[in-house]
Each structure stands twice: as structure tokens, then as C-alpha cells.
Amino acid sequence: MRIRDISKYKADNLYDVCIIGSGPAGLTLCAELIHSGLKICVLESGDKRPNPQINTLREVINIGEIKIKISSRERILGGTSTTWTGLSAPLDEIDMEQRDYLSYPSHWPIKLSDLKPYYERASDYGFPDLNKFKSVELIKIRQTGDFILESSILTEKNFIAADPPWNFGKQLYSIFDNKNIDLYLDATVINLSSKKESDNITRISTANVTNSFGSKTNIKAKIFVLATGGLESVRLLLLSKETNPQGLGNETDQVGRYLMNHPKGNFGRLNFKKPVKSLPYLFGYLNQGWSGYTGLRLNEDFQKQQKILNSYLRFEPIFPWTDNQGVWNMIMIVKRLKSLLQWWKHQQTQLVELRDWNETGDDQEDSTGKKLDFNWLKAIQTIIKELPAVGSYIRYRLFPQKPVKIKTVRLRNFMEMEPRPENRLSLSDQLDRNGLALPSVNLNTSDLDHRSLIELHRVFKEEMSLKQIGKVETTLTETKPWPINTEASHHLGGTRMGKDPNTSVVDNNLKIHTVSNLYICSGSVFPTSGCANPTYTICALAIKLADHLKKNYSPLKS
Ligand SMILES: Cc1cc2nc3c(=O)[nH]c(=O)nc-3n(C[C@H](O)[C@H](O)[C@H](O)COP(=O)(O)OP(=O)(O)OC[C@H]3O[C@@H](n4cnc5c(N)ncnc54)[C@H](O)[C@@H]3O)c2cc1C
């Protein structure tokens, strides 16, 4: 295992490729380069286990409506894949197209068909095969349950997660057995040193690194890749001021702008006309090592006609025990007893219908987005106090043949955000423990963001009534302030991809327009966000980048 300490780095050690960050993006890229002959180092700020000192580096100063949660990023080997849920879906066609009704022209410089081969290859990294999204098993799950929702305006979008989701640090740890690849842990890059190659082009010479004991070193490479997550990739450019006081690649004041997220939250209800016993496709399921659910969005022609964005909603069935603290603690205990949970799951040969939304999804927070703390003693006390609810949950979980009837689902909303330059990450006056400016995030929803979800609720209400499924209660139009404002831990935009350096930061190959040897591989390169969870696309882009590097760079002669 080639795990290195930055204090032992020798100044004559030159790497071909220096990958900064070991989350899904950095490690997918590294794994794809393993047989390239390129000499690679991975610089990871965190350790193999969570380190409280290093974790303070995650802090963000929030000045807008959408507040970045500290738990939305992890400083550890494997990055945020150590806590994520693994839900995946490809972007939709409309997400990547030119939509004239966006306030600022924003579209991807590549098409969905260009990304498809890379989505396919992402199945090597724990993501579903693209065919899985329209597979026979999924069609069977759709046909299971009390009714099938047929609508010409509402379109289904499937979200699928490997169960358990991949922890990239564990799954890909063996890549560091390779003699060409070095891993540096507790190696926080504080900035990048650069020199002018010509009037318009800069070249990076070193990544300047510190560890938690204060040792410092400068690591040399021919090519550098920032894979430090959506926010830190932007921040590192702004912190690197040697050749431009505005930050690396920021000649046209684009770095940090057009930040996006997928604001989410519960709002609205559907009261079924006839109570529902089973609806795994829309309520959520576990099936042969995969979990998933289906969301509803508006079809793309209708979106274009109405000039709106691609937001979606999903059903969250209300069971008699929903939101009961005893049941929540019970589910958290079972999730912590991972081997017991995996054993139970492996016993299930048939489709398992979810019995509480906490069984999957963002279980670190309550329905308002507040992070919930888990404590074993308190958990057991709460379970005892709430025994009747816990008892009925366990009964229905273990004996699914006697299902409870669902009268109501609450609507869980996930918004696409319009890319706007004023949604921005800049450097604050406050410093982190390394003396570096903390990121300051100003992120607000727009009228178009609101109108798009309001329209989805309106159509959904009409369709549910027309098809006699039930009555929708929603007061989204009247509710002020805008109620869907919890960030989804999806940090997108800030160094967007495009052809024109006046309106973007990186090109089609993820190279910064004005830097000859610096690439960015993170959600920050997204020109628009769509509504899909982003890691599948981030890893597809990492594979695309690996192909580009293999084609264009040859290994150093040792
Ligand atoms: C609770 C939760 C649930 C989620 N669920 C989903 C989901 O279901 N589906 C989905 O697609 N996404 C989900 N996400 C988001 C997902 O985790 C991220 O999209 C994904 O991890 C991004 O990968 P990345 O490699 O770009 O960044 P990260 O995983 O954040 O990795 C970045 C790495 O860079 C390192 N780093 C940062 N700064 C420095 C520095 N200065 N020097 C050196 N190293 C540095 C970090 O320590 C980290 O290891 C979830 C996130 C959370 C918090």
C-alpha cells in the first residue's frame, strides 16, 4: 500500500498527474488511470477515519436563503461517499439543451448522447447500468401495487441506489497497491502555485500542502486535477492568487458564479380517494441489491411550452408511525448494525416495500432539514417510551403480508435551480484553522424556480383529481417565504463548463480555459443542475476526463 506522509515528500519527486481529493470524482479518475503508466499522486485532506480537527475545515459562511449544511461534505478518504445515500439517475435531455427562457444563457457544451458511454462505464463504480432504468424488473415493480399512474403530462423519473451504496474509499482502496500511485492522507492543499506561460495562459507548478501538525510541502506534477467537491474546487481557485489577484482562471470574473443546488423539502399532500395498501414503485422499494423510488416531473414539451424548469416530486407515505421518534431511533439503530441489516437484506429474495421514508433517503436530518443527532442511550429510552408505535412498525416491517392502508402521502419536492451569476461563492473575511478565508455562499431561489414547482403542483393536482386518485392539498402559491429551502448536499456550478471563456471557466475536457495544466472534476462544472442526484454524472465526467488524459499525455520517463 503506497500511503505517503507529506513530510517525507522529496522535492525532486515529480508526478505526471496530481489528483486533489479522494471522493467519488477523484478515486474514479484515479482508478481509470491505473493502467496508463502515468505516475499519479492523490492528495486527500482527511484521514482514513473522521478527524475532528480536519472536519472543522468544512465550515461555510451562509449569507443567502439556501444554507449549506456542514454535514453536506466530508473530509475523509472516500469523501462524502462515506455518508451519502447512493441514489442515481442520469440527467435528462432537456437539462443539457439550450432553453431560451433561462435568464442567463446556460447549456451544456456536450449532449446527453456524448455522456451515455461514460454513464455505461460508471456501472464499474457501483452505479446502475443505464438499462436498469428501463429494465424488466422495474416494469414489474411498476405493475406491482394498487394502481399504475398513467399520465401524458407527468413523466416518471427513476432513482436507483446500490444497497449499500459504495464507499469509494473502501471499494477502491486497492488501487493504492499499484506502484505508480501514491496516496497522501492528512494532506490539505492550501493553494496552487502558478507561472505565466504567455500573456493569457498560466501554468501550475506545485500544489502547496499542509497537514494537521503544521508541516508544509509543495508537490510537483505535470497535470493537476481539482476533485475537491463542488465548493472546495471553487474556493481553491479563489485562494490561488500568484498570477491573478482575482484567483486562478478568474480573468472574466466567472469563478464562483452560477452556483446551484437542489432545494428540497416536504410541502403539500395527496389524500387518496381509496386508501392504498401497496405502491412500491412510487413509495420506495428494495429489490435484488438495489433500492429506489420513482419521482414525477412534467414532460419536456410541456416544460418548454410553459417555459419552466425540470423539478420533481415524490411520494412519502404517511404510516401510523411516521415521524415517531421511537421508530426513527429504531431505524437508526438497525442502520448502525450494518452486518445485521445486510444479513436481513440478503434473506429477502423478493421485492421489499419500504415502510418508512427513513429506511432510505436523507436520514441525517428531520423533515425540516435539521440534522438529527443519534445517541445510543437516548435512542433506547425513546424506543421504550414509544413502544406501541415501534411495535406496530416492527410488526408491519416483519409481516408485510398484512400491510397498513395509506390514506395520505406528503409530497417531497426537489427543485431545479436556474443558473444565475448572483448565486455565488466568494471568500469571506473569516479564516479556517489553516488561516485561509472560509467560503461564503450566497444562494437564493428565483421567480422561475418558484413558478416551475408551482406549475408542477398545479398539474399534479389536476391529474390526481381527473384520474380519481385523490385530492391534493397545496398552498405553494400563497406561502411566503418560499418553503422549499433545504439544500440537498448537491453543490453544483461555480466553474461551469462552456466554449466561451467570457461565460464559463472550463472547456469540454474540464480544463480551465486560461490554465494549461489544470482540470476540474466536480459538480462545480455543471452549467445547469437538472433534478438528478449529481454523483453519477460527476463520475461519468471523471471517466471522460481519464480518457482525455490518457490520450493526450504520456508517462514521464523515470
Ligand atoms: C447525506 C448525503 C447524502 C447524499 N446522497 C446522495 C445521493 O443519494 N446521490 C448523489 O448523487 N449524491 C448524494 N450526495 C452528494 C454526494 O455525496 C456528492 O455529490 C459526491 O460525494 C461528490 O463527489 P466529489 O468527489 O466531487 O466530492 P466529495 O465526495 O466531497 O470529495 C471531495 C474530497 O476532497 C477532499 N478535499 C476537499 N478539500 C481539499 C483540499 N483543500 N485538499 C485536499 N483534499 C481536499 C475532501 O476531503 C474529500 O475527500 C449526498 C451527500 C450527503 C451529505
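Residues numbered from 1 in each chain as written. Predicted model: local features only at pLDDT ≥ 70, side-chain atom pairs only at ≥ 80, totals over all residues. Heavy atoms only, no water.

Caption draft 1: Quick look at the layout of surface pockets. Roughly 430 Å³ of internal volume is contained in the second largest pocket. Contributing elements (two or more residues each) for the lining of the second largest pocket: helix 4 (112-121) and strand 5 (154-162). Counting residues per element, the lining of the second largest pocket draws most heavily on strand 5, which supplies 4 residues. For the lining of the second largest pocket, the per-class residue count stands at 6 nonpolar, 3 polar and 9 charged. Built from parts of two domains, the lining of the second largest pocket gets at least three residues from each of domain 1 (1-126 + 166-257 + 419-440 + 489-558) and domain 2 (129-163 + 264-414 + 446-483). (1 Å grid on protein atoms, 1.4 Å probe; cavity = no way out; pocket = protein on both sides within 12 Å on 5 of 7 lines; lining within 4 Å. Points joined across faces, edges and corners; volume = space filled by probe spheres on them. Helix = DSSP H or I, 4+ residues; strand = E, 2+ residues; numbered from the N terminus. Nonpolar A, V, L, I, M, F, W, Y, C, P; charged D, E, K, R; others polar. Domains from an automatic or database assignment.)

Caption draft 2: Inspection of the domain arrangement of the protein at higher detail. The assigned domain composition of the protein is domain 1 (1-126 + 166-257 + 419-440 + 489-558) and domain 2 (129-163 + 264-414 + 446-483). Using C-alpha coordinates to define each centre, domain 1 is positioned 32 Å away from domain 2. Opposite the 29 residues of domain 1 that make contact, domain 2 presents 32 residues. Both sides together, the interface formed by domain 1 and domain 2 hides about 2400 Å², and carbon and sulfur atoms give 56% of it. A per-residue breakdown of the area domain 1 buries against domain 2 is headed by Leu87, Tyr101 and Cys531, which together make up 25% of the total. Across the domain 1-domain 2 interface, the total number found is 3 salt bridges. The salt bridge partner of lysine 304 is glutamate 97, with a shortest N-O separation of 3.2 Å. Taken together, the connections running from domain 1 to domain 2 amount to 8 residue pairs in polar contact (both at pLDDT 80 or more). At the level of elements, helix 3 (93-96) and helix 4 are the ones that each hand at least two residues to the side of domain 1 that touches domain 2. In the side of domain 1 that touches domain 2, the residues fall into 11 nonpolar, 8 polar and 10 charged. (Contact = heavy atoms within 4.5 Å. Buried area = accessible area lost by both parts, 1.4 Å probe. Salt bridge = Lys/Arg side-chain N within 4 Å of Asp/Glu carboxyl O. Polar contact = N/O pair within 3.5 Å; in protein donor to acceptor, adjacent residues only side chain to side chain.)

Caption draft 3: Examining the UniProt feature "domain: FAD/NAD(P)-binding" (unreviewed entry) in the protein more closely. Residues annotated in UniProt with the feature "domain: FAD/NAD(P)-binding" (unreviewed entry) correspond here to residues 15-236. A distance of 20 Å separates the end C-alpha atoms of residues 15-236, which is 21% helix and 24% strand. (UniProt positions renumbered as here; feature names shortened; annotations may be inferred.)

Caption draft 4: Quick peek at the site of the ligand. Lining the immediate surroundings of the ligand are 35 residues, of which Glu44, Thr80, Leu87, Val189 and Thr535 lie closest. If you tally residues by element for the shell around the ligand, the top one is helix 7 (residues 229-239), at 3 residues. A class-by-class count of the residues in the shell around the ligand yields 12 nonpolar, 19 polar and 4 charged. (Near = heavy atom within 4 Å.)

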